[in-house]
Amino acid sequence: MYGSLGLLSAPCVVGSLAPFHSKDSAKDSSHSRYLTQQNTIGFMAGSRKLLGKFISPLKVRSNGRADHSSIISAVLTDDNSTMTIEDETEQIGLFSIDPGLEPFKDHFRHRLKRYVDQKKLIEKYEGSLEEFAQGYLKFGFYREEDGIVYREWAPAAQEAQVVGDFNGWNGSNHCMEKNEFGVWSIKIPDSGGNPAIPHNSLVKFRYKHGDGIWVDRIPAWIKYATVDPTKFGAPYDGVYWDPPPLERYQFKFPRPPKPKAPRIYEAHVGMSGSEPRINSYREFADDILPRIQANNYNTIQLMAVMEHSYYGSFGYHVTNFFAVSSRSGTPEDLKYLIDKAHSLGLQVFMDVVHSHASKNVTDGLNGFDVGQSSQDSYFHTGDHGYHKLWDSRLFNYANWEVLRFLLSNLRWWMDEYKFDGFRFDGVTSMLYHHHGINMTFTGNYNDYFSEETDVDAMVFLMLATCLIHNVLPDATVVAEDVSGMPGLGRPVSEGGIGFNYRLAMGIPDKWIDYVKNKSDQEWSMQEISWSLTNRRYTEKCIAYAESHDQAIVGDKTIAFLLMDKEMYTGMSCLVDASPTVERGVALHKMIHFLTMALGGEGYLNFMGNEFGHPEWIDFPREGNGWSYDKCRRQWDLVDSDHLRYKFMNAFNRAMNALDEKYSFIASTKQIVSSTSEDDKVIVFERGDLVFVFNFHPENTYDGYKVGCDLPGKYRVALDSDALEFGGHGRVGHDVDHFTSPEGIPGVPETNFNNRPNSFKVLSPARTCVVYHRVEEGLEKTDESDMASVSESAAADVTARDERVEESAPDDNFAADPS
């Protein structure tokens, strides 16, 4: 039992779940595997730091608003209320959810005071948090009626100029002026009625630092940056991006409605093509988005969108935070991709990296750090500003201009590109001064609330989630946190940090451990069930069996671990499957489906894993001869009708369609009624569906008794052993299963596995079967509707495609504006 929350004995009900923990907290993101080769305008507030040490208790009074459920809630959500501080810590909503947090009330009081005071300062000097986060309207390059204005925060610079193609890289006539807050600015008048800096021309910020040396840097707020592809190791250049109206992409489709539960397709545009090269945004939109839609995902999560000079960093060593990665196209091309995703009913999340930045001085934000103190820099100085495992720089979240930069960055991607949400990378590193390095989180609350907790970063994250939801109320914000920080997934108004979901990062570790190190007989149904349900009450999780982390070179995907070399020789349907392949395909389907059904309130899959993509991802590097051979996706494997990859893909499509129909992932009803170690069977209910997973390698059970909640008649809704999924077709889909009452009504201990009803099923070895309850009067509909979930899903896809064709966009949608 961790803190005050523990798992109930069977039946296991989500609602009393303990905080997740991991044996290896250093793996809080993919960065530890990647070592790079690279090394505002505060007119009123300037570079003001956040408030310092906590002085007085948090006291809050909401200006007579008795309808607020919490005094603190009023302070945190009502921008117009006048507030005083009083000791009302018992009103912090988190304490009513988890009384075990009360011993740490001083931490929460301190954190909330810091947040409230910082938000009030922003409102006083900037108007509002939302206005503060529009720094891109004041910084970098932007148009005024008769010229271009350029502003840059560089307090340590002695002199500054703007240089580029427009002035022959001679800045003597374009010197900038510095204000009292370290902000340099210049207005460049139009010439002959045209902008002095042409669209798509190269620009840089040139400044002299304390040693008297002049250096050129890419503007921090640049919207686009490119590199000469013909020169190996060439530095990037900033690009002034301001297309004329006819070349500017215009969005045509509204954001899709927020789904009840996100089914996320994690994707990397550059490596999404079949050919050994970098794929483009438009190719991804035209070729890959239809695949994602056809497999019934409702959300895509795009990796590596922000510019990063080292491709092999997977996009996690960002150099230019406001710039679209130029490898895959222009800003207008990315807008085309997102608009097309919206037209297909897909929401689009961005994998945002605010936990650290590339140490690259020439191309990145780190270039502004020369000769600066922490207060004059985006980053902390010394060891405090360097992540030794990721070889990167760490932000100073206590700096006014850093807050402006990062918060504006979030709003920029929402406003300019219409992203629907964010997955925040490396949150564990942000939450603690130790960054999770060599730290094992046991579930003891002292691990989370101590001097090692980085309150500056917490306040930034609270401001960030508040901003995102104020700008876009239906936005989804996901935290990549391995520590299980309590309150991370609760609203700021309750004393939480405001994320909607946390990635359930312990689940893939558990599956990899089982597949690599345990024989089938050693698989523990109780431990698997515990690992999948071990999450905090009321804090939602995104479950996944494997993400990009498990696919990187040096590791193996689940399919590759299960079948290894036989994926090259044994996947043909023209011959009988070997025992290894048959086991591998069966377990691949079961592992992914059990993770989806029991592991969280959302589901994620990395591009290609839906069909068991073989091999690993290896970005071009010196060690592989700069090859793109393993930095792509082999779609021909799943498209080939004679290969077994199609079966895993078909099942993936069907399990997504099942959630589309029954919304079981979003259901708060999750009851594990049986985890039999002898039978190797897990039985549970999610929503009103009954799931039976038989992991036994040999035993098929005829007349296997399973418990359920509702009485009536049940039929098969999905069956991994169906022929269309590469199975043996042993389960009858037209069989009616009638329930029998169990024990004394209202006395659970007299029931069968604490369930008031039961029915009997056929449960083949290495098979999962889902049963739905047939309601009276709907039998005919259900018979035809559930004959094949995959057939129904295919019909839905066809219908959606027809609707999209009917509302086909004009030439601006299809043509390349460049």
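Every value quoted in this text rests on a predicted model; they were computed, and no experiment measured them.

**Concerning the overall build of the chain**
Working step 1: Looking only at helices and strands, the chain features 19 helices and 32 strands.
Working step 2: Accessible area for the chain stands at about 29800 Å²; split by element, carbon and sulfur atoms hold 48% of it.

**What to know about the sheet that holds strand 5 (residues 177-178)**
Working step 1: Strand order in the open sheet formed by four strands is 2-3-6-5, and the pairing between neighbours is antiparallel. Two strands bound the open sheet, and with one partner strand each, they are strand 2 (140-144) and strand 5.
Working step 2: Direction of pairing for strand 2 relative to strand 3 (residues 147-153): antiparallel, over a ladder of five bridges. Residue Tyr 142 lies in a different strand from strand 3, and its bridge partner there is Val 149.

**Things to note about the pairing of strand 12 (residues 299-303)**
Working step 1: Counting buried positions over the five residues of strand 12 gives five, a clear majority of the element.
Working step 2: The alternating pattern of strand 12 places Thr 299, Gln 301 and Met 303 on one face and Ile 300 and Leu 302 on the opposite face, and all of these are buried.
Working step 3: Between the parallel elements strand 11 (residues 263-268) and strand 12, the chain passes through helix 5 (residues 281-294) in a crossover that is right-handed.
Working step 4: Relative to strand 15 (residues 347-352), strand 12 runs parallel, the two being bridged by four bridges. Across the sheet, the residue bridging to Ile 300 is Val 348, located in strand 15.

**With respect to the environment of Val 227**
Working step 1: Looking at where Val 227 falls in the secondary structure, it is placed in strand 9 (residues 225-227).
Working step 2: Residue Val 227 is classed as partly exposed on the basis of its relative accessible area of 28%.
Working step 3: Taking the C-alpha atoms as reference points, Val 227 and Asp 237, separated by ten residues in sequence, lie 6.2 Å from one another.
Working step 4: When neighbours within four sequence positions are excluded, Val 227 is seen to be in contact with Ala 234, Pro 235 and Tyr 236.

**What about the packing of helix 5 against helix 6 (residues 331-343)?**
Working step 1: Where helix 5 meets helix 6, the axes come as close as 8 Å, and the angle between the chain directions of the two elements is 20°. What the angle tells us is that helix 5 and helix 6 run roughly parallel. Relative to helix 6, helix 5 is oriented so that their crossing is left-handed. Taken together, the residues of helix 6 that come into contact with helix 5 (itself represented by Tyr 281, Arg 282, Phe 284, Ala 285, Asp 286 and Leu 289) are Glu 332, Asp 333, Leu 334, Tyr 336, Leu 337, Lys 340 and Ala 341.
Working step 2: Per-class residue counts for the contact of helix 5 with helix 6 are eight nonpolar, no polar and five charged.

**Brief notes about the pairing of strand 7 (residues 201-208)**
Consecutive side chains of a regular strand alternate in pointing toward one face of the sheet and then the other.
Working step 1: Of all eight residues making up strand 7, seven are buried, and the element is well covered by its neighbours.
Working step 2: As paired strands, strand 4 (residues 159-164) and strand 7 are joined by six bridges and run antiparallel to one another. When the bridges of strand 7 are listed, Glu 159 appears paired with Lys 208.
Working step 3: As paired elements, strand 7 and strand 10 (residues 236-240) share three bridges and run antiparallel to each other. When the sheet's bridge partners are listed, Leu 202 is paired in strand 10 with Val 239.
Working step 4: Both strand 7 and strand 8 (residues 214-217) contribute to a ladder of four bridges, which runs antiparallel.

**Section: the packing of aromatic side chains**
Working step 1: On inspection of all chains with the given rule, the structure shows 62 aromatic pairs.
Working step 2: Centre to centre, the rings of Tyr 311 and Phe 619 are 4.9 Å apart; their planes meet at 85°, and the pair counts as edge-to-face. Here Phe 619 lies in the loop between strand 23 (602-606) and helix 15 (635-639) and Tyr 311 lies in the loop between strand 13 (306-307) and strand 14 (320-324), a separation of 308 residues in the sequence.
Working step 3: According to the relative accessible area criterion, Tyr 311 is buried, its value standing at 10%.
Working step 4: Aromatic pair Phe 368 and Tyr 378: ring centres 6.4 Å apart, planes at 75°, arrangement edge-to-face. Of this pair, Phe 368 sits in the loop between strand 16 (357-358) and strand 17 (386-387) while Tyr 378 sits in the loop between strand 16 and strand 17, placing them ten residues apart in sequence.

**Structural notes on the sheet that holds strand 18 (residues 392-393)**
Working definition: the strands of a sheet are paired by backbone hydrogen bonds and lie parallel or antiparallel to each other.
Working step 1: Sheet architecture is open: three strands sit in the order 16-18-17, paired in antiparallel fashion. A single partner strand is all that each edge strand has here, and the edge strands are strand 16 and strand 17.
Working step 2: Pairing analysis gives two bridges linking strand 17 to strand 18, with the strands arranged antiparallel. Across the sheet, the residue bridging to Tyr 386 is Arg 393, located in strand 18.

**A word on unusual backbone geometry**
Working step 1: Its identity as a non-glycine residue notwithstanding, Lys 418 has a phi of 65°, on the positive side.
Working step 2: Relative to the elements of secondary structure, Lys 418 occurs in the loop between helix 7 (400-417) and strand 19 (421-424).
Working step 3: The backbone phi angle of Glu 615 is positive, close to 65°, even though this residue is not glycine.
Working step 4: Residue placement: Glu 615 occurs in the loop between strand 23 and helix 15.

Cut-offs used in this document
Residues numbered from 1 in each chain as written. Predicted model: local features only at pLDDT ≥ 70, side-chain atom pairs only at ≥ 80, totals over all residues. Heavy atoms only, no water. Helix = DSSP H or I, 4+ residues; strand = E, 2+ residues; numbered from the N terminus. Areas by Shrake-Rupley, 256 points an atom, 1.4 Å probe, with all protein chains shown as cover. Pairing = 2+ DSSP bridges. Buried < 20%, exposed > 50% of the residue type's maximum accessible area, 1.4 Å probe, protein only. Right-handed = clockwise from strand over helix to strand, strands pointing away. Contact = heavy atoms within 4.5 Å. Axes fitted to C-alpha atoms, helices over the stretch in contact; angles between N-to-C directions. Parallel < 35°, antiparallel > 145°, perpendicular 65-115°, else oblique. Left-handed = near helix turned anticlockwise from the far one by under 90°. Nonpolar A, V, L, I, M, F, W, Y, C, P; charged D, E, K, R; others polar. Phe/Tyr/Trp six-rings, centres within 6.5 Å; stacked < 30°, edge-to-face > 60°.

By themselves, these observations are geometric and do not establish any function.
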